[in-house]
Each structure stands twice: as C-alpha cells, then as structure tokens.
Amino acid sequence: MSEQYILVTGGAGYIGSHTVIELIQNGYKVVIVDNLINSSFDAVSRIEFIVGEKVPFFNVDLKDEKSLTKVFETYSIKSVIHFAALKAVGESTKIPLDYYDNNVNGTITLLKVMNNVNVKTIVFSSSATVYGDATRFENMIPIPEHCPNDPTNPYGKTKYVIEQIIHDLYNSDPEWRAAILRYFNPIGAHPSGLIGEDPLGIPNNLLPYLAQVAIGRREKLSIFGNDYNSHDGTPIRDYIHVVDLAKGHIASLSYLNNLESNKGLFREWNLGTGKGSTVFDVYHAFSKAVGRDLPYEVVGRRAGDVLDLTANPTRANTELEWFAEKSIEDACKDLWRWTTKNPFGFQLDNYKWTIFGEIEGNRLHTVDLDGFKVSITNYGATIQNIELNGDKLVLGFDNLESYQSSSNPFFGATVGRYANRIGNGGFTIDGKSFKTEINESENKTLHGGSQGFDKKQWLGPIVLKEDDNSVSLSFKYIDPNGSNGFPSDLETIVKYIVSPKNTLTIDFESQIVGNNGDVTALNLTNHSYFTLGDDVIDEYQVELSTPKYLALDSNQLPTGETKKLDSTSFKFGSQQFDDDFIINEANELLDTRSQDLKTLVNISSSSHSIKVSSTEPAFQLYTGDGIFVGEFKSRAGFAVEPSRPVNAINSSNAKQVILRKGETYGSKIQYEFA
Ligand code: NAD
Ligand code: UD1
C-alpha cells in the first residue's frame, strides 16, 4: 500500500477521537488502534460519519505485540500519535500496578514494534500532571517546560516514566523524532455535538461533573474549597478546548515531518491557553451556556489540589505556530450541545448492535421500544426486520450474503441513486447526456443499476434519543461521480426514526459535494416488502388514497396518460400491481419535506395493519409477484415505494429529480403499524 497512514492509539477515546477528525480533515490518512477499555466503537462510527469515509480500526491491546505488528504490516504507517492509556488519577492510587502495566508496558511494546518496522516518529500524550505542584517554586506560574517534574500520583508517574523512556530511546538512536505534548485541562466537545467525553461512573473532573448536574444525572456540584488565594477563592486551571488540543497534534506532527532529513528530535511542548480560570469562572460560563444557575455547594478542599496550574504555552506558540483559539465559553457551549444530544454519552437504552456478515465493520442495529422492534444494517442502510409484539411485519434475510446476492429483490433497501426505472439508457441535463448502467431489458436502468445504494456500505449510524423518546439512526453514504454512470459526488443521509407510537419515519436528504460535477438525477425511496401475518398477501384489504396511476407501455415506461382504478378499496386477491400511483401531478419540489405527510395507503390483514404516508408526489405499489428467493415465495409481501414518478427524468417535469450543487433534495416516508 503506497498511501501513508498515521497510527492513532487510543483513537476511540475523548482526545483521540477529536484528533482523528482533525487529521482526516487536514488530509491525513488514519488507522486507529484501541482496545475500547474506556471507550466505545460508536465513537469510531461517528468519526466516520463526520469525515464521510471509513477509518480502519483495530480492536487491539497495545501490549499485544503480535497483533500490533500485524497492524504495521497491513498499513504503511509513517508516524504514531500515542493516546492510549488509563488516565484516572484517583483510580491509579488504588491499582498502581495496572496503571504501570497498561501505560508503561503498553508504550514499551509500541516502541519496540515501531523500532522493528523502522517507524521512528511519535507524538506522545503527556500531561501537566508531570510538573506536580508547580507552586512549590517561586515564579513557575505560568508553568514553562523547564519546570522540574515531580508527579504526585501513579498515573502522573507513568507519564513521567514514559517521557524518560522515549528520551532514552532518542539518546540511543538520534533518528527518533518525539513530540512530548503536555496537556493542561482539556474540556469541551466537537462542535457537531456528535463526539465528546463519555466518562464511565461518577466523573472526577469539573466539567463532566457539571454537565451531569445540568442534565439531571447528579444533584449538585461540590466545589472543593473557596479559601484559595484567587479572585474568588477557588483554584485556577488552564482549560483548553479539546479541538484546539487536537490541532496541537497536527502542528507538532508537521513540525516533526518538516525537520531536516536525518535529523531527530526529542522535545516537550505545553499545550495550554496561558490563561487561568477559577472553578467559579468555569461554573458561571457553563451555567450561562445552559441558561440557568446550576446547584452547587462549597465543601472542603480536595486532597492533592493546588492553587494554580496555568501553562506558559510560548514554546508551542513560537515553534509549532500553534495557538489555542477557543474560549471556555465556546467549550461550554459545545459541551452542552454534546450533553443534550447524548445525555448518557454513547450509551443508549433500547439500542444495541451486532456484527452482521463478513464485510469489515458491517453491523445490524436494533431499536426495541417496548415490543416495537426495528433492525437496520449498514449494508444498503437496509431495514432487515420490523417486529410488533413478536410478529414480523417486513421481509428480511438473516444473513448478509443473501442481501449481497443479485437475486435479492431489494428487500428493505435504500434505493438510489435513482429509484424505479429510467428509460432510454440514461438522460440529458442542460444538453449534456449521461449513460446509466443498463440492468433491465430495453435499455432501462432499474433502481440505479446493479451496484446502487442498496449494495453499498453506509457510514454510521449516529444513534440519538429524540425528545419524544423516539430513537433515530442516521446513515451516510457518499456516492462517487460516475457510479453506475451517474454524475457528481453525492452525499446522502438517511435518517430512521423509530417511535414508541409504532411508527417508523424515514427522512432522506442529499447534496452534491466535492468538485467532480455540479448536477445529477436523483430519486430515493425505501423498498421494504411488508407482510401482515399471512404467507401471501391475497387476503389483505387495501384502501388507496388515490385511484390515479400512470398508464405504461409494454416497456413499463409511462405513456404520458393516466388511468383510474374503479375502486380504491379492495382485496389484493390475485390482482397484480407494479404501478405508479399519482398523488400530486404538479409537483415541482426537489425537497418535499416542507409538505405535510399525506396518507398513501392503508393495508390490513386479520391481525395487523400498515398505513404508509409520505411527502412524495407518487408511489409505486408492487405485489411482489417476482419474489422467489430463499424461503420467500411469490406474493409473500407487498412494497409501497413513495418517490418521484417513474422515469420523471425523461419527462416534461424533470425538475423534481434534477439536483444541482448548492441545492438540497429531500423526502419523507412514514410507516405506521398496528
Ligand atoms: P480516554 O480514556 O478517553 O482515551 C484513551 C483511549 O485509550 C481509550 O479509548 C482506551 O480504550 C484506550 N486504551 C487504554 N489502554 C489501552 C491499551 N492498552 N491498548 C489499546 N487501547 C487502550 O482518555 P483521553 O482523555 O482521551 O486521554 C488521552 C490521552 O491523553 C491519555 O494518554 C491521557 O493520559 C492523556 N491526557 C488526558 C488528559 C485529560 O484530562 N483527558 C489530560 C492530560 C493527558
Ligand atoms: C485533573 C488531574 C490531572 C489531569 C487533569 C485533566 C487530579 C489531581 N489531577 O486535574 O492529572 O491532567 O485532571 O484531566 O485529579 N473541582 C471541583 N469539584 C469537582 C471537580 C473538580 O471543585 O467536582 C475543582 C478542582 O478542585 C479543581 C478544578 O475543579 O480546582 C479542576 O478539577 P479537575 O477537573 O479534576 O482537574 P485537575 O484537578 O486540574
């Protein structure tokens, strides 16, 4: 592999995840190694969602030399940013051997493997904790890098020892390049609100604790002493936004990379703002972000706390040309956004995932709201199962291979880039012709071609609890320019909202991204086949909201005429439908989500019913006559596919399916079960 990667150890953790995002957004390729001892894979899938690409991930313990070596053999790694460590000060005093073993031995193994494969550039996460109590000297506040070290707890000592080990390694082999970054107090979260700190148990640090008070998980903040010699009596710290901190890693990495060839380096840099804030300063800033004064009580001093730990960041400012830019107010706003979106961090009741199939990283995500259960997989952002009180209401396979097979009749899939049929082998926009892949007779492209959205691995999901106790799962896929013949890079987000009212809502949104084109044809839907408890659909009662459907020629393309059913209320019986019903002939909207959801059809059996609504101008009704796959027979289920009319791109009303750069395509579908 020619492309060079940065290995990030501990990349699923708090600071690591923010740094991975900054690295990728600055053009670096990243591999993550993390044993998830203090983090969750959800952080990795959220990173991927934010940056819009897969990030290779290895669940490996740093102490496992063999597995770590394999990572270096699999990817061409140029340098390492080393975050992985245990970091709780209090815990380290109780289980010091675990801390030395994990942090020191883990680092020794990493350095040995790096040496073996001749990777000799490392950025190491150290801490201001190595200085110990800098107030023991005169004139050492703000703290410069030459302040003597004297860590006061096992955690801090592991950092100190590791610094020494790396220094000794550099002394033995001056080709090594090591940046020792001593962080002051990292706070805040990613401005997207999707990534942040997720402390397990009772938080020790000030802002994570305050955040839990604000969200109602803790009663009040204990302020550890107001009898210090500061403007309000509480201790002073140098709080730095985690995104600024992440950027410090990029600055130090590029500093190391820009050294003259054959030149090594071992150098320490403080990463801090240089500005001290008291506990009350932080308390007020966070209360302001939340919009109310949070409950607190002043209690006695905490053992080991000192008056003032403020950085002198001059060395990083001048040598790395790095400055902290964000304020504690910015950090408090971002932390509050993260907290309100994720009150329990990455943990969510009612949601779990499992590995699904052999594709790396493919998972099956299940939300269970008191008997209403929905499972969706990354492959095709596909609905694999919908269950109401134990009864399955949608057709789905129990293995990934069946979804990958060409005989899969689009079970549950997200269909794109162009749902339904395109005639004429393609389309013309602004006088420019595009040929799309022919995968049906007579020059037709069905459902976007053989490798459409249904055959792609979607990123994410971002799983969030919504205000009404619904759970949403958002998946993202960036379809490259030229895919199945469609022009432009296209980013699509499909958001599923599972609600306790037994409804599943799907929100589609697409935009053109990148610089590889500025227009595309687009039509999206979901292709679930519903079953209401019977082996075949014949006894199901149908109530359509419109009798109007498009007349088709022998080629299944619209003639331009419309027809009407005699009745909108009937049993399927033996009738076959593969027809496009029209709700709004005059639609010109590209984003229909401004419209109210409109009922399209109610279908019921003796045991269950489904109501399908959408904002879309048409829907395909298909009686599943062509299903012959695995255990599923013809007419085992029916599909209702709300979308734009079939072949609209080659019609006089193509406006609704032409997306241009800067515009947004959108639509909404809702299934309500009983
Ligand atoms: P974190 O716990 O969120 O992240 C550390 C990550 O390392 C976790 O994802 C954990 O699962 C992983 N990890 C731990 N041991 C591992 C092992 N043996 N093998 C593989 N993975 C392992 O912590 P963080 O706050 O992001 O801290 C990152 C680094 O920064 C740590 O080295 C920490 O000591 C240092 N640091 C943190 C702070 C702070 O306040 N957060 C301050 C100064 C220094
Ligand atoms: C702690 C760690 C340090 C680590 C740093 C950043 C200790 C002794 N040191 O530093 O190694 O680098 O976190 O993660 O644990 N406070 C309260 N009430 C609370 C919590 C904190 O009043 O519930 C006060 C503390 O007294 C302190 C300030 O808030 O003055 C910040 O505390 P904290 O977030 O724990 O960080 P540090 O103690 O600076």
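Everything numeric in this text was worked out from a predicted model, so none of it was measured.

What follows is about the pattern of salt bridges. A side chain with one charge may pair with a side chain of the opposite charge, provided their charged atoms come close. In the structure shown here, the tally under the stated rule is 33 salt bridges. Residues D430 and R660 are paired through a salt bridge, measuring 2.9 Å at the closest nitrogen-oxygen approach. In this pair, D430 is assigned in the loop between β22 (426-429) and β23 (432-435) and R660 in strand β41 (residues 658-660), connecting sequence segments 230 residues apart. Residue D591 pairs with R593 through a salt bridge whose shortest N-O separation is 2.9 Å.

Below, the discussion takes up the domain arrangement of the protein chain. By the assigned domains, the protein chain splits into domain 1 (4-341) and domain 2 (354-673). Taking the mean C-alpha position of each, domain 1 and domain 2 sit 44 Å from one another. Across the contact, 13 residues belong to domain 1 and 15 residues belong to domain 2. Together domain 1 and domain 2 conceal approximately 1100 Å² of surface at their shared face, both sides included; 62% is due to carbon and sulfur atoms. Looking at the side of domain 1 facing domain 2, the largest losses of area belong to R46, F49 and K54, adding up to 48% of the total buried there. At the junction of domain 1 and domain 2, the tally comes to one salt bridge. Among the salt bridges present, the one from D42 reaches R363, with a minimum N-O distance of 3.9 Å.

Let's shift gears to helix α7 (residues 206-214). The element α7 is largely enclosed, with a buried count of nine among its nine residues. All of the buried residues in α7 are L206, L207, P208, Y209, L210, A211, Q212, V213 and A214. In the segment just after α7, G216 is the residue with positive phi, at about 95 degrees.

The biggest cluster of nonpolar side chains holds 56 residues, and the ones touching the most others in it are Y496, F572, F638 and Y671. Beyond its immediate stretch of four places on either side in the chain, F572 contacts I537, D538, Y540, V542, F577, I603, L621, T623, R635 and F638. Counting 45 residues, the second largest nonpolar core, distinct from the first, contains Y28, F41, L271 and I462.

Let's shift gears to the site of ligand 2. Inspection of the region around ligand 2 gives 18 residues, with L206, S222, R237, R302 and D305 positioned closest. T129 is positioned with one of its side-chain polar atoms (N or O) 3.4 Å from an oxygen atom of ligand 2. At a separation of 2.8 Å, an oxygen atom of ligand 2 approaches a polar side-chain atom of R302. Considered class by class, the residues forming the shell around ligand 2 number nine nonpolar, six polar and three charged.

Criteria and thresholds
- By convention here, each chain's residues receive numbers from 1 onward along its written sequence.
- Chain letters and ligand numbers both follow the written order, the letters beginning at A and the numbers at 1.
- The model is predicted, so local features are restricted to residues of pLDDT at least 70 and side-chain atom pairs to those at 80 or more, both for listing and for counting; the totals for chains, interfaces and linings are taken over all residues.
- Based on all heavy atoms of the structure, the side-chain values leave hydrogens and waters out of the count.
- Here, a salt bridge means any Lys or Arg side-chain nitrogen found within 4 Å of an Asp or Glu carboxyl oxygen.
- What counts as a helix is a DSSP run of H or I of at least four residues, what counts as a strand is a run of E of at least two, and both are numbered from the N terminus.
- Segment limits for the domains were obtained from an automatic or database-derived domain assignment.
- A contact between two residues is defined here by any heavy atoms of the two lying within 4.5 Å.
- When two parts are put together, the accessible area they lose, computed with a 1.4 Å probe and summed over both, is reported as buried area.
- Each residue is assigned to one of three classes by its accessible area relative to the maximum for its type, calculated with a 1.4 Å probe on protein chains only: buried under 20%, partly exposed between the two thresholds, exposed over 50%.
- What is meant by a nonpolar core is a set of buried Ala, Val, Leu, Ile, Met, Phe, Trp, Tyr and Cys residues, joined one to another through side-chain atoms within 4.5 Å.
- Any residue with a heavy atom positioned within 4 Å of a molecule or strand is treated as near that molecule or strand.
- Polar contacts here mean pairs of N or O atoms no more than 3.5 Å apart (in protein, one a potential hydrogen donor and the other a potential acceptor; neighbouring residues in sequence count only if both atoms are side-chain atoms).
- Note on residue categories: nonpolar means Ala, Val, Leu, Ile, Met, Phe, Trp, Tyr, Cys or Pro, charged means Asp, Glu, Lys or Arg, and polar means any other residue, Gly included.

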